Amino acid sequence: SFLKKCLSDPEYAFQTTEDLLEKGFLRNYSMTNDENDFNIYAELLFARPQEIKGLKEKYPNVKIKLEKLKEYYRELGFKGKFPDET
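An account of the accompanying structure is given in this report. (Residues numbered from 1 in each chain as written. Predicted model: local features only at pLDDT ≥ 70, side-chain atom pairs only at ≥ 80, totals over all residues. Heavy atoms only, no water.)

## Some words on the overall build of the protein chain
On a plain count of helices and strands, the protein chain comes out with six helices and zero strands. For the protein chain, the N- to C-terminal ordering of α and β elements is α-α-α-α-α-α. Computed over its C-alpha atoms, the radius of gyration of the protein chain comes to 13 Å, within 12% of the 12 Å expected for a compact globule of 86 residues. Dimensions of the protein chain, computed from C-alpha atoms along their principal axes, come out at roughly 40 × 25 × 20 Å. Within the protein chain, the proportion of its 86 residues that are buried is 33%. Restricting the contact set of the protein chain to residue pairs at least 6 apart, pairs at least 24 apart contribute 45%. Carbon together with sulfur atoms contributes 54% to the accessible area of the protein chain, which is approximately 5400 Å² in total. Between the averaged position of the 15 positive side-chain charges in the protein chain and that of its 16 negative side-chain charges there is a distance of 3 Å. (Helix = DSSP H or I, 4+ residues; strand = E, 2+ residues; numbered from the N terminus. Rg over C-alpha atoms; globule rule 2.2 N^0.38 Å. Buried < 20%, exposed > 50% of the residue type's maximum accessible area, 1.4 Å probe, protein only. Contact = heavy atoms within 4.5 Å. Areas by Shrake-Rupley, 256 points an atom, 1.4 Å probe, with all protein chains shown as cover. Lys, Arg positive; Asp, Glu negative; His and termini not counted. Charge placed at Lys NZ, Arg CZ, Asp CG, Glu CD.)

As structure tokens, then:
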């Protein structure tokens, strides 16, 4: 299965392509399930904000999903600017 391939091959799991990014997925691993997709977005937002900032500017579906992620964090009480907004 796709998940099994990602788990057994970390290099493959973290690869990305134009096609994936156009669909709003950041890495192959993101496509394994919604939780992993969320986690990859959160990782880039908080650990590599410049990377996700560039991706959201180039790929509309990445921007849409990133805004949904931020809205979720705001609902949980996050205040202020996110790292990609500075």
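## Some thoughts on the packing of aromatic side chains
If you walk through the whole model with that rule in mind, you get 10 aromatic pairs. Through pairs of rings, three or more aromatic residues link up here, namely Phe38, Phe46, Tyr72, Tyr73, Phe78 and Phe82. A cation over an aromatic ring shows up here: Lys65 above the ring of Phe25, its NZ or CZ 4.1 Å from the ring centre. (Phe/Tyr/Trp six-rings, centres within 6.5 Å; stacked < 30°, edge-to-face > 60°. Lys NZ or Arg CZ within 6 Å of the ring centre and 35° of its normal.)

## Some remarks on the side chain of Thr32
On the secondary structure map, Thr32 appears in the loop between α3 (18-23) and α4 (34-47). A polar contact is formed between the side chain of Thr32 and the backbone oxygen of Tyr29, at a distance of 2.7 Å. Polar contacts involving the side chain of Thr32 include one to the side chain of Asn36, which spans 2.7 Å. If we skip the residues at most four places from it in the chain, Thr32 touches Phe2, Leu3 and Cys6. (Polar contact = N/O pair within 3.5 Å; in protein donor to acceptor, adjacent residues only side chain to side chain.)

## Looking at the pattern of salt bridges
In the structure shown here, the tally under the stated rule is 11 salt bridges. Residue Asp19 is joined to Lys23 by a salt bridge in which the shortest nitrogen-to-oxygen separation is 3.1 Å. One end of the pair is Asp19 and the other is Lys23, both in helix α3 and four residues apart, which spans about a single turn. For Asp19, a relative accessible area of 43% gives the class partly exposed. Where Asp84 meets Lys56, a salt bridge forms, and the shortest distance between an N and an O atom there is 2.6 Å. On the criterion of sequence distance, the pair formed by Asp84 in the segment after α6 (60-75) and Lys56 in helix α5 (residues 49-58) is long-range, its members being 28 residues apart. Residues joined in a network through salt bridges with shared partners are Lys56, Glu67, Lys70, Arg74, Asp84 and Glu85. (Salt bridge = Lys/Arg side-chain N within 4 Å of Asp/Glu carboxyl O.)

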